[in-house]
Protein chains: 2
Amino acid sequence: MELWTIEIEKAAMILKLLGDKTRLTMLKMLEAHDYCVCEFVEIFKVSQPAISQHVKKLKEAGLVCETRRSQWIIYSLNRDSDILPFVQSLMDHLPNQDFKLQQLEKQGLRISCE
Amino acid sequence: MELWTIEIEKAAMILKLLGDKTRLTMLKMLEAHDYCVCEFVEIFKVSQPAISQHVKKLKEAGLVCETRRSQWIIYSLNRDSDILPFVQSLMDHLPNQDFKLQQLEKQGLRISCE
DNA sequence: CTATTATATAAGGAGATGCTTATATAATAG
DNA sequence: CTATTATATAAGCATCTCCTTATATAATAG
């Protein structure tokens, strides 16, 4: 027996949002660490506007937060999102993406803005 | 800790398939009962070809089976699908759709082909 | 056989999606 | 101040999606 349910229309909307390899990977990555746009650009090998458009969709759905730190804008998972429990229940079955962070660090492209 | 994982590309493909209100509802309905195309047509208020196209996508993903019973083709959830565990983990959070079957029965549109 | 019923496939169109390049905005460095 | 760096937005385009109508296929009824 399930503990909670989500409206089917809302679920379909979320699944459509996450039914994109780039956005789904981003979200799984954000589960473990925060990332800035330029890091995503390096990782996904697409243009910077393409990344901005993807994170915008995640932000509009309330799944991520943005914080400016000097010239960078850091994206993080919004742990307070009301749809996170549903999203989490599927992200739990996705493989950890930490190797992508390690690749970034190996290339010296990890942003550290402290 | 998760018990099993699914490749992120495969997960994105499945989420895209289920990121449609009609297909997601169909699948949730099939969790409880089998349905034929003409029942789906009544329920979703779209054309018969539209329904056929949706079930075709679900069938191509291996999520549903079809069986002919005289002039009707009955669709059922493929309980042996290798992606069903992932799909099930999200369907568990969708509200039961039995009221749709009850509506059909009230209208006398439930197919019983015995 | 023909007519009817149920379903699938084909073709086409409106709108959505995901990318690109060009440009605008915001912060930092000098 | 100007130049550079990081990001967002605008515009355009190719492709995909989901629907429609028209037609084909398969089974049943008479």
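What counts, and where the lines are drawn
Residues numbered from 1 in each chain as written. Chains lettered and ligands numbered in written order. Predicted model: local features only at pLDDT ≥ 70, side-chain atom pairs only at ≥ 80, totals over all residues. Heavy atoms only, no water. 1 Å grid on protein atoms, 1.4 Å probe; cavity = no way out; pocket = protein on both sides within 12 Å on 5 of 7 lines; lining within 4 Å. Points joined across faces, edges and corners; volume = space filled by probe spheres on them. Helix = DSSP H or I, 4+ residues; strand = E, 2+ residues; numbered from the N terminus. Nonpolar A, V, L, I, M, F, W, Y, C, P; charged D, E, K, R; others polar. Contact = heavy atoms within 4.5 Å. Buried area = accessible area lost by both parts, 1.4 Å probe. Salt bridge = Lys/Arg side-chain N within 4 Å of Asp/Glu carboxyl O. Polar contact = N/O pair within 3.5 Å; in protein donor to acceptor, adjacent residues only side chain to side chain. UniProt positions renumbered as here; feature names shortened; annotations may be inferred. Buried < 20%, exposed > 50% of the residue type's maximum accessible area, 1.4 Å probe, protein only. Least-squares fit on C-alpha atoms with pLDDT ≥ 70 in both.

Chemist: If you had to explain the layout of surface pockets to someone new, which residues and values would you point to?
Modeler: Taking a probe equal in size to a water molecule and rolling it over the atoms shows the remaining empty space. The volume enclosed by the largest pocket comes to roughly 160 Å³. Lining the largest pocket, in full, are Lys21, Thr22, Thr25, Ile43, Phe44, Pro95, Gln97, Phe99 and Lys100 of chain A together with Ile8 and Glu9 of chain B. At 3 residues, helix α2 (residues 21-32) of chain A tops the list of elements feeding residues into the lining of the largest pocket. The residue makeup of the lining of the largest pocket, split by class, is 5 nonpolar, 3 polar and 3 charged.

Chemist: Hey, could you go over the interface of chain A and chain B for me, with residue numbers and the actual values?
Modeler: The interface of chain A with chain B comprises 25 residues on the first partner and 25 residues on the second. Here chain A and chain B share an interface that buries about 2,100 Å² over both sides, 73% of which is from carbon and sulfur atoms. Together, Ile8, Leu15 and His93 of chain A form the three largest contributors to the area buried by chain A at its contact with chain B, with a combined 31%. Along the contact surface separating chain A from chain B lie 2 salt bridges. For the salt bridge of Glu9 of chain B with Lys21 of chain A, the shortest nitrogen-to-oxygen distance reads 3.5 Å. For the pair chain A and chain B, the number of links is 6 residue pairs in polar contact (both at pLDDT 80 or more). Among the elements of the structure, α1 (8-18), α2 and α5 (84-91) of chain A are those that each provide at least two residues to the side of chain A that touches chain B.

Chemist: Got a sec to walk through the UniProt feature "domain: HTH arsR-type" (unreviewed entry) in chain A? Specific residues and values, please.
Modeler: In this numbering, the UniProt entry assigns the feature "domain: HTH arsR-type" (unreviewed entry) to residues 3-98 of chain A. Along residues 3-98 of chain A one finds 55% helix and 15% strand; the C-alpha atoms at either end are 30 Å apart.

Chemist: Can you lay out the side chain of Ser89 of chain B for me, pointing to particular residues and giving the numbers?
Modeler: Position of Ser89 of chain B among the secondary structure elements: in helix α5 (residues 84-91). Of the polar contacts made by the side chain of Ser89 of chain B, one reaches the backbone oxygen of Phe86 of chain B; its length is 2.6 Å. Contact partners of Ser89 of chain B, with chain neighbours within four places excluded, come to Ser89 and His93 of chain A.

Chemist: Tell me about the pattern of salt bridges, and name the residues and values.
Modeler: Scanning the entire structure with this criterion turns up 11 salt bridges over all chains. The partner of Lys59 of chain A in a salt bridge is Glu66 of chain A, with the nearest N and O atoms 2.7 Å apart. The partly exposed category is assigned to Lys59 of chain A, whose relative accessible area is 34%. A relative accessible area of 36% places Glu66 of chain A in the partly exposed class. Between Arg110 of chain B and Glu39 of chain B there is a salt bridge, with the nearest N and O atoms lying 3.1 Å from each other. Of this pair, Arg110 of chain B sits in the segment after α6 (98-106) while Glu39 of chain B sits in helix α3 (residues 37-44), placing them 71 residues apart in sequence. For Arg110 of chain B, a relative accessible area of 28% translates into the label partly exposed.

Chemist: Explain the relation of the copies chain A and chain B to me, and be specific about the residues and the numbers.
Modeler: Mapping chain A onto chain B is achieved by rotating through 180° and translating by 0.0 Å along the same axis, at an RMSD of 0.0 Å. In the structure described here, the two chain copies are related by an operation that fits a two-fold rotation axis.

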